[in-house]
Amino acid sequence: MEKDDERYAAVWRTAAYVEAHLQEELHLEELARMAGYSPFHFHRLFYACMGETLSQFIRERRLAYAARKLRSSRQSGTGIGFDIGYNSHESFIRSFMKRFGEPPESLRRRACTMREPKLIECRTMYVAGVKCTTDTTKDRNIAQAWKALSGIWSGLPGKADERICYGLEIYDPQSAGREGAFVYVAGTEVADPAGLPDGAQAYAVPGGRYAVFTHIGSTELLGETFRYIYGEWLPASGEALRGLDDAGGSGFDFERYDERFREGLADSELDIYVPLRPSAPVPSE
């Protein structure tokens, strides 16, 4: 009998193949054959693993590619739409607006996807949720972690506020920030890390100084915000990062999702908390 992890591996391989071939024709029959299943079986398997059909996944990833391409190139929106399989300008615009809440050229012209940070003091908290290993180029595992969290949500004891969720990111100790592979925890704050259901894991997120950045718009553009934080703001700020004791001192940050987060709308907001070392005391004269 085929094991679950073998079936999941087939789906992940297919997802990775799709991500690498978004500008090519992609058909269920061919992808199912590559995965070793009949189209009927693979359609059901893909939906069971990903929470969406293969065609929905392909459309979502193509639109995400279009959004990133608009921000990183001068190619026209129409040209990008044609590259990813849309047969008309109108159909691409409709799909793009439904996904991102604004037309392609509006997203391209937006000056930035974030607000400058504020520095605050936070208390220590426990975040419990579902952990996955992901990569800055393959964030689909993150969507799966959120889906898995919804499956155990009712069993998480002592939730501090059911309207607020956290995406905790734990980096390699040698990393300077959000780059390459890292651990992601889709979770929420709990009063006590004991008594968690199977599949859940808790981390103590330390209090102290944080720089809080507000990301505006789609999560598909989070990479821009993180690149600014770690590539521009941090080196220029003179600040130093703190580590996460629960993960051997590894670097970390976390996303905070509250009622302002409305994926698919141009004015959706979420906050990114970056931990900073304590301020150096001012020497007395």
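Now for a description of the structure that goes with this document. (Residues numbered from 1 in each chain as written. Predicted model: local features only at pLDDT ≥ 70, side-chain atom pairs only at ≥ 80, totals over all residues. Heavy atoms only, no water.)

## Thoughts on helix α4 (residues 54-72)
Item 1. Here α4 is 19 residues long and its end C-alpha atoms lie 27 Å apart, about the 27 Å a rise of 1.5 Å per residue gives.
Item 2. All of the buried residues in α4 are Leu 54, Phe 57, Ile 58, Glu 60, Arg 61, Arg 62, Leu 63, Ala 64, Tyr 65, Ala 66, Ala 67 and Leu 70. (Helix = DSSP H or I, 4+ residues; strand = E, 2+ residues; numbered from the N terminus. Expected span 1.5 Å × (residues − 1). Buried < 20%, exposed > 50% of the residue type's maximum accessible area, 1.4 Å probe, protein only.)

## Description of the packing of aromatic side chains
Item 1. Tallying each qualifying case throughout the model produces 17 aromatic pairs.
Item 2. Judged by centre distance (6.3 Å) and plane angle (65°), the rings of Trp 146 and Tyr 184 are edge-to-face. Here Tyr 184 lies in strand β4 (residues 181-190) and Trp 146 lies in helix α8 (residues 140-152), a separation of 38 residues in the sequence.
Item 3. Judged by relative accessible area, Trp 146 falls into the partly exposed class, the value being 24%.
Item 4. Classification of Tyr 184 by relative accessible area gives buried; the value is 1%.
Item 5. Ring geometry for Tyr 166 against Phe 254: centres 5.7 Å apart, planes inclined by 70°, an arrangement best described as edge-to-face. Separated by 88 residues along the polypeptide, Tyr 166 in strand β3 (residues 165-170) and Phe 254 in strand β8 (residues 250-257) bring together distant segments of the chain. (Phe/Tyr/Trp six-rings, centres within 6.5 Å; stacked < 30°, edge-to-face > 60°.)

## As for the pattern of salt bridges
Item 1. Going through the model one piece at a time under the given rule, you end up with 15 salt bridges.
Item 2. A salt bridge links Arg 33 to Glu 30; its shortest N-O distance comes to 2.6 Å. You can see Arg 33 and its partner Glu 30 sitting in helix α2 (residues 28-35), three residues apart, about one turn around the helix.
Item 3. One salt-bridge network, in which partners are shared between bridges, spans Arg 115, Arg 256, Asp 258, Arg 260, Glu 269 and Asp 271. (Salt bridge = Lys/Arg side-chain N within 4 Å of Asp/Glu carboxyl O.)

## Digging into the packing of α2 against helix α3 (residues 39-50)
Item 1. Remark: α2 packs on α3, axes separated minimally by 9 Å, with the N-to-C direction vectors making an angle of 85°. For the element pair α2 / α3, the angle class is roughly perpendicular. Contacts between α2 and α3 involve Leu 28, Glu 29, Leu 31, Ala 32 and Ala 35 on the former and, on the latter, Pro 39, Phe 42 and His 43. (Axes fitted to C-alpha atoms, helices over the stretch in contact; angles between N-to-C directions. Parallel < 35°, antiparallel > 145°, perpendicular 65-115°, else oblique. Contact = heavy atoms within 4.5 Å.)

## A closer look at the nonpolar core
Item 1. Of all hydrophobic cores here, the largest spans 32 residues; its most connected members are Val 11, Val 18, Phe 42, Phe 46, Phe 92 and Phe 96.
Item 2. Contributing elements (two or more residues each) for this core: α1 (4-20), α2, α3, α4 and α6 (89-100).
Item 3. Top element by residues in this core is α4. It accounts for eight residues.
Item 4. Other than its neighbours up to four places away in sequence, Phe 92 contacts Leu 63, Ala 66, Gly 77, Gly 81, Ile 84, Tyr 86 and Pro 104.
Item 5. One finds Ala 128, Tyr 184, Tyr 257 and Val 274 within the second-largest nonpolar core, a separate group that totals 29 residues. (Core = buried A, V, L, I, M, F, W, Y, C linked by side-chain atoms within 4.5 Å.)

## Here's the deal with the environment of Tyr 37
Item 1. Turning to its location among the elements, Tyr 37 is positioned in the loop between α2 and α3.
Item 2. Each C-alpha atom of the pair Tyr 37 and Gly 155 lies 35 Å from the other, and the pair is 118 residues apart in sequence.

## Observations concerning the pairing of β8
Item 1. Within β8, seven of the eight residues are buried, leaving the element largely enclosed by the surrounding structure.
Item 2. The sheet contact formed by β3 and β8 spans six bridges and is antiparallel. By the bridge assignment, Tyr 166 is partnered in β8 with Arg 256.
Item 3. Direction of pairing for strand β7 (residues 243-244) relative to β8: antiparallel, over a ladder of two bridges. By the bridge assignment, Gly 243 is partnered in β8 with Gly 251. (Pairing = 2+ DSSP bridges.)

## A word on the environment of Ala 15
Item 1. For Ala 15, the position within the fold is in helix α1.
Item 2. Judged by relative accessible area, which is 8%, Ala 15 ranks as buried.
Item 3. A sequence separation of 170 residues divides Ala 15 from Val 185, and the C-alpha atoms of the two residues are 21 Å apart.

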